[in-house]
Amino acid sequence: MTKYFHSVELDAEKCCGCTHCLSRCPTEAIRVHDGKAQILPERCIDCGECIRVCPHHAKKASCSTLDDTKSFKYKVAIPAPALFGQFNNLDNIDIVLTGLKAVGFDKVFEVSRAAELVSEATRKLIKENKLKKPIISSACPAVVRMIKIRFPELCSNVMPLLAPIEVAARLARKEAIEETGLKSEEIGVFFITPCAAKVTEVHSPSYVEKSACDGAISFSKIYPELSQAMDHLTEIEPIAQSGLIGIGWANSGGESAAMLGDKYLAADGIENVIRVLEELEDEHIRDIDFIELNACSGGCVGGALTVENPYVAQARIQNLRKYMPVSMNHIGENIDNMMWENELKFDADIFRLDEDIFKAMSMMERMETIIKDLPGIDCGSCGAPTCRAMAEDIVMGRAKETDCIFKLKARIQNVYDTLSGLS
């Protein structure tokens, strides 16, 4: 059986089975049984929607901490550009970067630097006209995993370029080795992340064998110490080496704008992303070269592990970009070291009912029979998000027909009628 790593975890003690998460999960990865939510690991994409909507804070992301960095001789932070939108009255990102050194990191390498390299590589690939259009950005790991699960026919449209986080980690590690003379295993590279999907991508990457990152620390965990350190800085180091193109990746549309063309589309928020992918699958979207999709509303500034209102953070990022050069990082002619190592493929095991094809077909037939007998209103009261999901759970042994309140009510009524007749 395939093992799946997920950063999103359930705190069963806090869960009261309210079904808020059930209705918002985009891949139907959540069930509620015996008064507690359960996450189906093979379907979860770690988008963080359940973390965002749970009123009881029963969902959380398992991230690294600053204590985890102490096992390395040399510690490197690679902050996402969305981090700069978390602080009020910030007019110089060097304050944040110097603050990261103050909380214990020896070196800081901006992910926005790598974003500028990825943007230039993308423009190069589009110009060469070798990729299937429209090209879908591979920067959001939640979107990439959802395409793999829900829209397998679009796997060939996904840009086969490493995401900025991976490019930044590789470059930061290389620079650290050259500067210190230390071995790679003595250097810890930690991503400062706004979302759970990127935590999962660090530990279980989609398109490389092993990530160059050693861990991921959430904005919410590092914010208190970082904010305090920034308030007590006596000197600000000139660390920043990225321009408005790289910083712009924090907001929805920032990656698309870096294409420097007009044949692009940008959508954010998981429901809008699904709508775009459905239309793309139905071939309703044409004359578009590039599609940027962000699972979180507003882009990375809207990640479930951030601390600031995404629209406030978005405005702050826009204000910061006014005082920056266009770009400070450029690639050479060869971009082979930025391409994927593994091909993105549909994992058929996720939806396979049984290894035996004949038994699986029999289970499918039973599913269709059960579906016809269910009310078809997708109320979620049974603990499954839809009646079809409920039917699947029944044939898989995860549920029984009387979990449907309408079926249970009918059975109780039959028993009542029978007893009334006997009396």
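Within any chain, residue numbers begin from 1 and follow the written order of that chain's sequence. Local features in this predicted model are restricted to residues of pLDDT 70 or higher, and side-chain atom pairs are both shown and tallied only at a pLDDT of 80 or more, whereas totals for entire chains, interfaces and linings draw on every residue. Excluded from the side-chain calculations are hydrogens and water; all other atoms, namely the structure's heavy atoms, are used.

Draft legend 1. Just the pairing of strand β2 (residues 30-33), in detail. Neither face of β2 is exposed, since Ile30 and Val32 on one face and Arg31 and His33 on the opposite face are all buried. Note: β2 against strand β3 (residues 36-39), four bridges, orientation antiparallel. Note that in β3 the partner of His33 across the bridge is Lys36. Strand pairing is assigned whenever DSSP detects at least two bridges linking the two strands. Helix and strand labels come from DSSP, where a helix needs a run of H or I of at least four residues and a strand needs a run of E of at least two; each type is numbered from the N terminus. The hairpin turn running from β2 into β3, its antiparallel successor, is two residues long, and Asp34 in that turn takes a positive phi close to 55 degrees. Summary of the burial criterion: residues with accessible area below 20% of their type's maximum are buried, those above 50% are exposed, and those between are partly exposed, where the area comes from a 1.4 Å probe applied to protein chains only.

Draft legend 2. Geometry of the nonpolar core. By nonpolar core we mean a set of buried residues, namely Ala, Val, Leu, Ile, Met, Phe, Trp, Tyr and Cys, connected to one another through side-chain atoms within 4.5 Å. One finds Ile78, Phe84, Phe105, Ile147, Leu277 and Leu293 to be the most contacted residues of the largest nonpolar core, which totals 124 residues. At eight residues, the largest contribution of residues to this core is made by helix α4 (residues 111-128). A domain assignment, automatic or from a database, supplies the domain bounds used here. Among the domains, domain 1 (1-62) and domain 2 (66-338) are the pair contributing at least three residues each to this core. Between two residues, a contact is recorded if the distance between any of their heavy atoms is within 4.5 Å. Apart from residues lying up to four places away in sequence, Ile147 is in contact with Ile136, Pro152, Leu154, Cys155, Val158 and Leu277. In terms of nonpolar packing, the next biggest core, distinct from the first, is built from 16 residues, Cys387, Ala389, Met390 and Ala391 among them.

Draft legend 3. Examining a negative patch on the surface more closely. Only residues whose relative accessible area exceeds 30% and that take part in no salt bridge are eligible for patches, with like-charged residues grouped when within 9 Å of each other and nonpolar side chains (Val, Leu, Ile, Met, Phe, Trp, Tyr) grouped when within 5 Å. All accessible areas in this document rest on Shrake-Rupley with a 1.4 Å probe, and a residue is counted as covered only by the protein chains that are shown. Within this document, salt bridges are pairs made up of a side-chain nitrogen of Lys or Arg and a carboxyl oxygen of Asp or Glu, the two lying within 4 Å of each other. Under this rule, positive means Lys or Arg and negative means Asp or Glu; His and the chain ends count for nothing. For the purpose of locating charges, the reference atoms are NZ of Lys, CZ of Arg, CG of Asp and CD of Glu. Among the surface-exposed residues, Glu153, Glu279, Asp282 and Glu283 lie close enough to one another that they form a single negatively charged patch. Mapped onto the fold, Glu153 is located in the loop between α5 (141-150) and α6 (164-180). By relative accessible area, which is 59% here, Glu153 ends up exposed.

Draft legend 4. Geometry of the domain arrangement of the chain. Domain annotation for the chain reports domain 1 (1-62), domain 2 (66-338) and domain 3 (354-423). Each of domain 2 and domain 3 has a C-alpha centre, and these two points are 45 Å apart.

Draft legend 5. The packing of aromatic side chains, seen in detail. Note on ring pairs: Phe, Tyr and Trp rings are taken, using the six-membered ring of Trp, and paired if centres are within 6.5 Å. Classes follow the plane angle, with under 30 degrees stacked, over 60 edge-to-face and the rest tilted. Applying the stated criterion across every chain yields a total of three aromatic pairs. Here the aromatic rings of Phe87 and Tyr223 are separated by 5.2 Å at their centres, their planes lie at 15 degrees, and the arrangement is stacked. With Phe87 in the loop between β5 (74-79) and α3 (94-102) and Tyr223 in helix α8 (residues 219-231), this pair connects stretches of sequence that are 136 residues apart. Since its relative accessible area comes to 6%, Phe87 is described here as buried.

Draft legend 6. Structural detail: the environment of Ala121. Along the chain, Ala121 falls in helix α4. With relative accessibility at 0%, the residue Ala121 sits in the buried group. Here the alpha-carbon distance between Ala121 and Leu161, two residues 40 residues apart in the chain, equals 8.1 Å. If we ignore the near neighbours within four places in the chain, the residues touching Ala121 are Leu161, Ile331, Ile335 and Met338.

Draft legend 7. Spotlight on a nonpolar patch on the surface. On the surface, Ile357, Phe358 and Met361 cluster together into a nonpolar patch covering about 360 Å² of accessible area. Tracing the backbone shows Met361 in helix α13 (residues 357-373). Taking relative accessible area as the criterion, Met361 reaches 47% and is therefore assigned partly exposed.

Draft legend 8. Focus on the packing of α5 against helix α11 (residues 270-281). For helices, the axis comes from a line fit to the C-alpha atoms of the stretch in contact; other axes are also lines fit to C-alpha atoms, and the angle between any two N-to-C directions lies between 0 and 180 degrees. Where α5 contacts α11, the axes come no closer than 12 Å and their chain directions differ by 45 degrees. Here α5 is positioned oblique relative to α11, judged by the angle of their axes. When you trace α5 past α11, the crossing you get is right-handed. Only Ile270, Val273, Ile274, Leu277, Glu278 and Glu281 of α11 make contact with α5, whose side of the interface consists of Val143, Met146, Ile147 and Arg150. Residues are sorted three ways: Asp, Glu, Lys and Arg are charged, Ala, Val, Leu, Ile, Met, Phe, Trp, Tyr, Cys and Pro are nonpolar, and all the rest, Gly among them, are polar. A class-by-class count of the residues in the contact of α5 with α11 yields seven nonpolar, no polar and three charged. Geometric relationships in this document are graded by angle, where less than 35 degrees denotes roughly parallel, more than 145 denotes roughly antiparallel, 65 to 115 denotes roughly perpendicular, and other angles denote oblique. Left-handed describes a crossing in which the near helix is turned anticlockwise from the far one by less than a right angle; the clockwise case is right-handed.

Draft legend 9. Main features of helix α12 (residues 310-321). Here, expected helix span is obtained from the residue count minus one, scaled by 1.5 Å. The end-to-end C-alpha separation of α12 is 17 Å, in line with the 16 Å expected for 12 residues at 1.5 Å each. Burial in α12 covers these residues: Ala313, Arg316, Ile317 and Leu320. One side of α12 holds all its buried residues, which, seen down the axis, span an arc of 100 degrees. The term polar contact refers here to a pair of N or O atoms within 3.5 Å; inside protein, the definition further demands a hydrogen-donor-capable atom paired with an acceptor-capable atom, and it admits residues adjacent in sequence only when both atoms are side-chain atoms. Between the side-chain oxygen at the start of α12 and the backbone nitrogen of Tyr311 there is a gap of 2.8 Å, and the oxygen is on Asn309. The directions considered for the arc run from the helix axis to the C-beta atoms.

Draft legend 10. Looking closely at the sheet that holds β5. Here four strands make up an open sheet; going across it, the order is β6-β5-β8-β9 and the pairing parallel. Two strands lie at the open edges of the sheet, namely β6 (107-108) and β9 (215-218), each paired on one side alone. As paired elements, β5 and β6 share two bridges and run parallel to each other. The residue of β6 that forms the bridge with Ala77 is Val108. With respect to the sheet, α6 is in contact with β5, β6 and β8 (187-193), its orientation differing from that of β5 by roughly 150 degrees.

Draft legend 11. Structural detail: the environment of Asp91. With respect to the helices and strands, Asp91 occurs in the loop between β5 and α3. Asp91 sits 207 residues away from Gly298 along the chain, and the two C-alpha atoms are 21 Å apart.

Draft legend 12. The sheet that holds strand β11 (residues 290-294), seen in detail. The parallel open sheet is built from three strands, whose spatial order is β7-β11-β10. If you trace the sheet from one side to the other, it starts and ends with β7 (135-136) and β10 (264-268), each paired once. Two elements, β10 and β11, share five bridges in a ladder whose sense is parallel. Bridging across to β11, Ala267 finds its partner in Leu293. The strands touched by α11 are β7, β10 and β11; relative to β11, the strand with the most contacts, the crossing angle is about 150 degrees.

Draft legend 13. Here's a closer look at the side chain of Ser64. As for its placement among the helices and strands, Ser64 is situated in the loop between β4 (59-61) and β5. Residue classification places Ser64 among the buried positions, given a relative accessible area of 8%. Sequence-distant contacts of Ser64, defined by excluding residues within four places in its chain, comprise Phe190, Gly215, Ala216, Ile217 and Lys221.

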